[in-house]
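A look at the structure
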Amino acid sequence: METLPIIYLGYMFVSIYFLSLFLILYYVNRKNLFEIPKLTKKYSVSILVPAYNEEKTIERTIKSIFSSDYYLKEIIVLNDGSVDSTGNIVKELMKDYPKLKLIDKKNSGKADSLNHGIAIAKGELIAVVDADSYPEKDAFSNLIGFFDDPLVGVATPFIVPRNDKTFFERLQTIEYNVIAFTRKLLGYVDAIYVTPGPLAIYRKSALEKIGGFDIKNMTEDIEATWHLTKEGYKRKMCLLSVATTTVPKKISPWYKQRRRWNLGGLQCISKYKKYFLKRGMLGFFILPFFVLQLFLGLLGLTIFFYLFITRSLSRYLFTRYSIQIGTPVITMDDIFITPSFLNYFGVILFILGTLFTILVLYIMKKGMLKKQNIFNILFYLLFYLTVYPFIMIASLYHYLNGTWRWR
Amino acid sequence: MNQKYIFLYALIVTLIFFNLGIFLGYMFESHRVNKINEFYVNSEMDLLDQRIQEGAFDVVNIDCNAAIKANIEFADKIFEDAKQIQKFEDANRINKDTIFQHKRFDLLRTLFWINSIKIKENCNASYHNVVYFYKFNEPSIEQKAKQRAISNLLTELKEEKGSSIMLIPLAADNNFPSINLLLEAYEVKELPSILIDEKYILTDFNSKEEIEKYLD
């Protein structure tokens, strides 16, 4: 058997594995997918809001937090050297909200700001809320019950894109839904590998144990989750706890965001590589999963370029000869191709992937399917996802060159 | 609840579906190989019949028109078969028995070519033998592109000229002593090459007309 079909089969094996894993997890847990952990104890909760030039959103973020149905001890805005009017807006709001505090500091990045916040926060639990995210009224109360289990270190909600009017935003909405759904399922096997920035509630003692957030990492949320996993803490998710966030409206900020996520992932792989195939879920699932993603992405792109170049060259030479000897460049035989069984296999997998995505959208939110037509879903599967490996390559390039920064 | 056993369940499910897929794929490709085999068996019988006719020239008077007609029909049939076999061969990924079948067909076509030469001599037939020698094993990108273009050109010629040409594509690099002998005898040194009526060898040509002038 030739090399390429073996590689294709390898990809298919991995795809079937993850599809099976998620479908079995869904089937086993379908009745308690939207379960909310019971609130049996009262916890004191401090909210940290790191903010850098967030004058457009900070007011609504703070108001959303204060509309919470859970008692919140304090809300600390960590103004990370904003040059706009973020600080002034917060100061104005402090008049109406006595629990609101403002820490003005020099710009030092999100992770460092959060570490400042952790040092002064008084709550047993610390919720981190991005300054452009709006937690819903019950977002905190629906998560806090998880902390009755002393091993739970962090809990995360369902992050929903607030802006989903344009085609590009709708593609991201599909993506966020699939991510949230699969994250919830991974929670059942203690395999959640990120608690995203828009909202996550941490046990303060757990954060102190891991020494706070890693200021060198581009994605402090991924790093903290991996660190907590390494220390044996559980990560939980509740689909009925919802926070909305603004997703990038244009390709350029979207690309920068994704590149940052990838860079953070690469930093985490590098930092925790010694735990590969060791230390519970971090070494046996999370790290291999990330490494596999990276490997398959790189291999896929290499094959893509190899095929693209050889086929283009072949097509060019064929066209040149055909023109030279005066024979048609396209014949009926070129149109009626004879498919290989790999083509059929691929089509079946693609159909299953599409059905899985439709299932996710159907389960996740009523009305989601109405907003998303089949074209959006197919475009998401056929084109949007195929951009991932390209971003991965760019991130790897920047990572190896050291040419990356937060902003 | 610890559900980590699901990782193992997923692996078992994957192994079942993956192996089922491979099995079905193998069956699917084997079906194609069987089809090629069917073509081969039928062609082999037809050719055997041709060979008997050709051998009978020395013994009894044979109706040349009938022999030529049978030869042309057989040529058309193996031309169509060759196209179909090529498609199956390109599409088969696991079952590479098509390569073996391809080689068998090459020998069959060689036999047909020899038979065709003899019928032409004995019956003074007017058709042209056009033998297309190409590289089968690991051709370079350039060779592959050139061969594809020539193959299209010859197919076009065959469709235009119909029964007046016997198009016989032969893989020339499978190391069959019989084909090697013929290559040597007709001084075919480069691949791809076209041998017309066992006289003219064309390796580099710039137009269809260059071939057509030998066929008119």
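Note that this is a predicted model, so its numbers are computed, not measured. Within each chain, residues carry numbers counting from 1 in the order of the written sequence. Chains and ligands are labelled by the order in which they are written, letters from A for the one and numbers from 1 for the other. Local features in a predicted model are, by the rule used here, given only for residues with pLDDT of at least 70; side-chain atom pairs are given and counted only at 80 or more, and totals for whole chains, interfaces and linings are based on all residues. The side-chain values count all of the structure's non-hydrogen atoms but skip hydrogen atoms and water molecules.

**A few points about the overall build of chain B**
A helix here means a DSSP run of H or I that spans at least four residues, while a strand means a run of E at least two residues long, and both kinds are numbered starting from the N terminus. On a plain count of helices and strands, chain B comes out with six helices and four strands. Listed by position from the N terminus, the elements making up chain B come as α-α-α-β-α-β-α-β-β-α. In this description the radius of gyration comes from C-alpha coordinates, and the expected globular size is given by 2.2 Å times residues to the power 0.38. For a compact globule of 216 residues, the expected C-alpha radius of gyration is about 17 Å, and chain B comes in at 22 Å, more than 25% above that figure. Its C-alpha atoms put chain B at 90 × 40 × 35 Å along the principal axes.

**Some thoughts on the sheet that holds strand β1 (residues 128-134) of chain B**
All names here are of chain B. Spatially, the four strands line up as an open sheet ordered β2-β1-β3-β4, and their pairing is mixed. Either end of the sheet is taken by a strand with one partner, and the two such strands are β2 (165-171) and β4 (200-202). On average, each strand axis in the sheet is inclined to that of its neighbour by 20°, with strand direction left out of account. A pair of strands is treated as paired once DSSP finds two or more bridges between them. Inspection of the sheet shows strand β3 (residues 193-196) paired to β4 by three bridges, in the antiparallel sense. The residue of β4 that forms the bridge with I194 is L202. Lines fitted to C-alpha atoms define the axes, with helix axes restricted to the stretch in contact, and inter-axis angles between N-to-C directions lie between 0 and 180 degrees.

**Observations regarding the packing of aromatic side chains**
Each pair of aromatic rings taken from Phe, Tyr and Trp, with Trp reduced to its six-membered ring, is defined by centres within 6.5 Å and is described as stacked if the planes are under 30 degrees apart, edge-to-face if over 60, and tilted in the remaining cases. Across all of its chains, the model carries 38 aromatic pairs over all chains by this definition. Charge-over-ring contacts are defined here by two conditions on Lys NZ or Arg CZ: a distance within 6 Å of the ring centre and an angle within 35 degrees of the ring normal. For A:R30, the ring lying beneath its charged end belongs to A:Y27, and the centroid distance is 4.1 Å. In this arrangement the basic side chain of B:R148 is found over the ring face of A:F318, its NZ or CZ atom lying 4.0 Å from the centre.

**Focus: the pattern of salt bridges**
All names here are of chain A. Between Lys or Arg on one side and Asp or Glu on the other, a salt bridge is scored when a side-chain nitrogen of the former is within 4 Å of a carboxyl oxygen of the latter. Under the definition given, this model contains 23 salt bridges over all chains. E223 is the partner of K271 in a salt bridge, and the nearest nitrogen-oxygen pair spans 2.7 Å. Linking K271 in helix α9 (residues 251-272) with E223 in helix α8 (residues 220-230), this pair joins segments that are 48 residues apart in sequence. Throughout, exposure labels follow a simple rule: accessible area from a 1.4 Å probe, protein chains only, divided by the maximum for the residue type, with under 20% read as buried, over 50% as exposed, and the rest as partly exposed. You can call E223 buried: its relative accessible area is 1%. What emerges from the salt-bridge pattern is a single network uniting K110, D130 and E220.

**Thoughts on the domain arrangement of chain B**
Residue and element names in this part refer to chain B. The assigned domain composition of chain B is domain 1 (1-124) and domain 2 (126-216). Where each domain begins and ends is defined by an automated method or by a domain database. The centre of domain 1, based on its C-alpha atoms, is set 20 Å off from the matching centre of domain 2. The interface is formed by 24 residues belonging to domain 1 together with 27 residues belonging to domain 2. Buried area is understood as the total, over both parts, of accessible area removed when two parts are fitted together, assessed with a 1.4 Å probe. Of the roughly 2200 Å² buried at the junction of domain 1 and domain 2 (both faces included), carbon and sulfur atoms supply 68%. Ranking the residues of domain 1 by area buried against domain 2 places F79, W113 and K120 at the top, with a combined share of 33%. Inspection of the domain 1/domain 2 interface yields two salt bridges. Between D76 and K158 there is a salt bridge whose closest N-O contact spans 2.7 Å. Every element with two or more residues in the side of domain 1 that touches domain 2 is listed here: α2 (64-91) and α3 (97-123). Top contributing element to the side of domain 1 that touches domain 2 by residue count: α3, with 14 residues. When residues are grouped by polarity, Ala, Val, Leu, Ile, Met, Phe, Trp, Tyr, Cys and Pro land in nonpolar, Asp, Glu, Lys and Arg in charged, and all others, Gly among them, in polar. Residues belonging to the side of domain 1 that touches domain 2 are distributed by class as follows: twelve nonpolar, five polar and seven charged. Here, residues are in contact when the closest pair of their heavy atoms is within 4.5 Å.

**Focus: the environment of B:D46**
Residues and elements named next belong to chain B. Tracing the sequence through the fold places D46 in helix α1 (residues 5-56). Residue class for D46 comes out partly exposed when judged on its relative accessible area of 31%. For the pair D46 and K199, spaced 153 residues apart in the sequence, the C-alpha separation amounts to 27 Å. Discounting residues that sit within four places of it in the chain, D46 has contacts with F74 and K77.

**Let's talk about the packing of helix α1 (residues 3-29) of chain A against helix α6 (residues 167-187) of chain A**
Residue and element names in this part refer to chain A. Where α1 meets α6, the closest approach of the two axes is 10 Å, and the angle between their N-to-C directions is 70°. Classified by the angle their axes make, α1 and α6 are roughly perpendicular. Where α1 abuts α6, its residues F22, L25 and Y26 lie against F181, T182, L185 and L186. Its residues assigned to classes, the contact of α1 with α6 comprises six nonpolar, one polar and no charged. Small angles under 35 degrees read as roughly parallel and large ones over 145 as roughly antiparallel, with 65 to 115 read as roughly perpendicular and the rest as oblique.

**Here we look at the pairing of strand β8 (residues 234-245) of chain A**
All names here are of chain A. Within β8, nine of the twelve residues are buried, which leaves it mostly tucked inside the rest of the structure. Here strand β5 (residues 133-135) runs beside β8; their pairing, made up of three bridges, is antiparallel. Across the sheet, residue S133 finds its bridge partner in β8, namely T245.

**Points about the sheet that holds strand β4 (residues 125-129) of chain A**
All names here are of chain A. Read across the sheet, eight strands follow the order β3-β2-β1-β4-β7-β6-β8-β5 without closing on themselves; strand pairing throughout is mixed. Because the sheet does not close on itself, it has two edges, and the strands there are β3 (100-105) and β5. For this sheet, the mean inter-axis angle between neighbouring strands, taken without regard to orientation, is 30°. Here helix α4 (residues 110-120) sits on the sheet and contacts β1 (45-51), β2 (74-80), β3 and β4; the angle it forms with β2, its principal contact strand, is near 145°.

**Quick look at the interface of chain A and chain B**
One widely used convention gives an interface's size as the accessible area the parts lose upon coming together. Taken residue by residue, the interface counts 42 residues in chain A and 41 residues in chain B. Counting across the interface, chain A meets chain B through zero salt bridges. In protein, a polar contact means a hydrogen-donor-capable atom and an acceptor-capable atom, both N or O and within 3.5 Å, with residues adjacent in sequence counting only if both atoms are side-chain atoms; elsewhere, any N or O pair within 3.5 Å suffices. Our enumeration of links across chain A and chain B arrives at six residue pairs in polar contact (both at pLDDT 80 or more). For the side of chain A that touches chain B, the elements supplying multiple residues, two or more each, are α1, α10 (280-325), α11 (332-335) and α12 (341-364) of chain A. Looking at the side of chain A that touches chain B element by element, the count peaks at twelve residues for α10(A).

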